[in-house]
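Summary of the model geometry
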Amino acid sequence: MESELGITTFRGLLYYFPYKHIDRSRLYHIHELTADMPFVQIKGEILSFEEEGVGRKRRLIAHFTDGHGVTDLVWFQATTFKWIKRSYPAGKQFIVFGRPTLFNGRINIAHPDIDPADELQLGAMGLQPYYNTTEKMKRGGLNSRSIERFTRTLFERLQGEVMPETLPQSIIDRLLLVPLAQSLHDLHYPATADALRRATYRQKFEELFFIQLGILRYARQRQQQVFGHVFSHVGNLFNTFYQHNLPFSLTEAQKRVIREMRHDMGSGKQMNRLLQGDVGSGKTLVALMTMLIALDNDYQACLMAPTEILAEQHYATFCEFLNGLPVKVALLTGAVKGKKKRTAILDGLSSGDIQILIGTHAVLEDNVAFHRLGLVVIDEQHRFGVAQRARLWKKGPQAQGAQTGTFADITPPHVLVMTATPIPRTLAMTLYGDLDVSIIDELPPGRKPIETRHFWQERSESLYRGMRAEIAKGRQVYVVYPLIQESEKMDLQDLENGYQELCHVFPDLTISKVHGKMKSAEKDAEMERFVSGETQILVATTVIEVGVNVPNASVMVIMNAERFGLAQLHQLRGRVGRGAEQSYCILVTKYNLSQETKQRIQIMCDTTDGFEIAEADLRFRGPGDLEGTQQSGMAFDLHIANVARDGQLVQLARDIANEILDNDPGQNLPENAQMWRHLKELARDNVDWSNIS
Ligand code: ADP
Ligand code: MG
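Residues numbered from 1 in each chain as written. Chains lettered and ligands numbered in written order. Predicted model: local features only at pLDDT ≥ 70, side-chain atom pairs only at ≥ 80, totals over all residues. Heavy atoms only, no water.

Around ligand 1, the structure places 17 residues, and the nearest of them are Gln-254, Gly-280, Lys-283, Thr-284 and Arg-447. In the model, a nitrogen atom of ligand 1 is placed 2.9 Å from a nitrogen or oxygen of the Gln-254 side chain. Notes on ligand 1: free accessible area 570 Å², of which the protein chains cover 87%. Classifying every residue of the shell around ligand 1 by side-chain character gives 5 nonpolar, 8 polar and 4 charged. (Near = heavy atom within 4 Å. Polar contact = N/O pair within 3.5 Å; in protein donor to acceptor, adjacent residues only side chain to side chain. Areas by Shrake-Rupley, 256 points an atom, 1.4 Å probe, with all protein chains shown as cover. Nonpolar A, V, L, I, M, F, W, Y, C, P; charged D, E, K, R; others polar.)

A packed helix pair is summarised by two numbers, namely the angle formed by the two axes and the spacing between the axes. Two numbers describe how helix α16 (residues 460-472) lies on helix α17 (residues 488-505): the axes approach to 12 Å, and their chain directions differ by 65°. As for the relative orientation of α16 and α17, their crossing is right-handed in sense. Packed against α16, whose contacting residues are Ser-460, Tyr-464, Met-467 and Arg-468, the element α17 presents Glu-501, Leu-502 and Val-505 at the interface. For the contact of α16 with α17, the residue count by class is 4 nonpolar, 1 polar and 2 charged. (Axes fitted to C-alpha atoms, helices over the stretch in contact; angles between N-to-C directions. Helix = DSSP H or I, 4+ residues; strand = E, 2+ residues; numbered from the N terminus. Left-handed = near helix turned anticlockwise from the far one by under 90°. Contact = heavy atoms within 4.5 Å.)

A sheet is described by the order of its strands in space; here 7 strands give the open sequence β12-β13-β11-β14-β15-β10-β16, paired in parallel fashion. Each edge of the sheet is formed by a strand with only one pairing partner; in this case those strands are β12 (329-332) and β16 (436-440). Pairs of neighbouring strands in the sheet enclose a mean axial angle of 20°, with direction left out of account. Sheet topology note: the strand β10 (residues 272-277)/β16 ladder contains 5 bridges and is parallel. Of the residues in β16, the one forming a bridge with Gly-277 is Ile-440. (Pairing = 2+ DSSP bridges.)

All right, on to helix α19 (residues 566-573) then. Counting buried positions along α19 yields 6 of 8 residues, so the element is predominantly enclosed. Taken together, the buried positions of α19 are Leu-566, Leu-569, His-570, Gln-571, Leu-572 and Arg-573. (Buried < 20%, exposed > 50% of the residue type's maximum accessible area, 1.4 Å probe, protein only.)

Our next topic: the nonpolar core. The nonpolar side chains of soluble globular proteins are, as a tendency, buried together. Residues Phe-205, Phe-209, Phe-210, Leu-213, Ile-345, Leu-357 and Ile-660 are the most contacted members of the largest nonpolar core, which totals 50 residues. It is helix α22 (residues 647-663) that provides the largest number of residues to this core, a total of 7 residues. When residues no more than four places from it in sequence are discounted, the contact partners of Phe-209 are Leu-167, Ala-653, Ile-656, Ala-657, Ile-660 and Met-675. Residues Leu-246, Met-289, Tyr-299 and Leu-322 belong to the second largest nonpolar core, which totals 43 residues. (Core = buried A, V, L, I, M, F, W, Y, C linked by side-chain atoms within 4.5 Å.)

The structure is reproduced here in structure tokens:
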């Protein structure tokens, strides 16, 4: 088969699993057929053909009998009539397969599958596989049936060949798994529904298990080999900040995670921690205080944000919080232009004069070298994967000159990854199994839950009235429009129209406008006007999605809300409710919504719990759709396992993988040999766990 189809090897074909099976073991008599049967199979011959109707109603009818009754087979595509009559001559025995329906008081079967009776061995057919075919495949003349012929042939040829087992026998026995070879066969050609169920279970386990084994082995290896800078004490900067600069008291959850990190960073091992906390839970402050510990131990720290706006905002926040403390903070983004300015920053970093660097991906560039980088905080980028994180390691102090890229050469900085996108446990285990996790499960006191409401876009009158009422109280309002690349022009037009309309409706107010197509400086200026309270309304695309913090803004209006995913809606909503005032999120949609969209909007109106929303999101979209899953460390493709639905199995796979690593730390037990070999094979085509640079 062609590579275009994505099936280039026998192995590829073996793993091209059918999406469903249909029971073809039973033959019905025509007089038994009723319209509520999903699929039936009958054997007999065509008596005669007849054409009916004109134009688009034209149809071909074959009167078909099995000796016990007569039913009609029907086709609607006039161009195929001739071919059908020729292929299925009257008088010859056929097996007809299809869905019976009631039409004009008679049972008939439209567009049935027909096979010559002598070619099909019915008894042997049992459950028939149905394969997905892409448009490309169809154009190449491949349909489910032809793939079936390929797989059937493959299994016939494989007869007797032993497929090496990948799992240790003890695990197979304990979990009552079917052997690998059998499971592969049964996924295509199961004898019974139960055989199919057991084969599916085995394959799901297999997929999840090897992911866990890979991640956990990597994590353990690093645990043993990677040393970390020891931040032995908490000093002046941290203490002064805590006693004098901190304008409020920390929440218990903030205190707990700072303790967890202090412990990590003092342990002599590298910290690799994921900090999860819902929007507004105060992660920035935790990051800042953790960085002060690094500074107290004579190390530098770096904070990386996903967008320029956010980096700038963090920079401003840091400068404000650190006011009066002897700490030098610098900002480095793509927007920081001018050779002189950049050189000054680079020099400051390499001399150690600058202690905290805040920036975007620009900080990853090779010419950015630190004097003594001890801690890296990555904000709002849980998608930042294993390989990308490893790039940071090179920036550690001992890295200069070390070229071999083995663990031992480098003392990497501690790494803290922060995210407000709550990752359901099972997904976190599959994606970021190598990170330790801390959770801020408490919001600062005094926050009122955001009220979320759904508006039809036709009812803009009441929306504007609501906005005006809030603005009259001195609050500010966000109005957000979707922006996706494929329809960028139209989206920007939507935003422009919306902006014009608002200017018209609120002639007495000032309105900012921000979108990704603007020059950075312009964008910043507009943003700044809103942050400072000069403008009352900010019309924007999703550039403001993450991180932006304007506590005085109390209304988030999301236009075309039907076009956003749940995670995005939650992020956007998190931009308000940051002050003590009651805040509102208004989801504006068009009138006719799909069932799924209605559910999505409903969930948003019902709950503000990020984890609940993330679980729902995973159910709707499936993990494969989560952006960047590939890069983020999902090591091997999942063919049939689904982290959303197979949560328990993920846990089981993880437990077993841990057990094996406990019992076979040297990876040399003979019974596991095939398993380790298989892991290596999988890894070779994907993430190379052993190569960290
Ligand atoms: P996020 O976790 O979404 O990044 P931020 O760090 O931006 O949240 O914090 C949101 C707001 O809450 C900021 O204005 C911050 O100053 C404030 N904040 C953080 N911690 C506390 C606290 N313990 N008490 C009161 N306000 C806090
Ligand atoms: Mg934040």
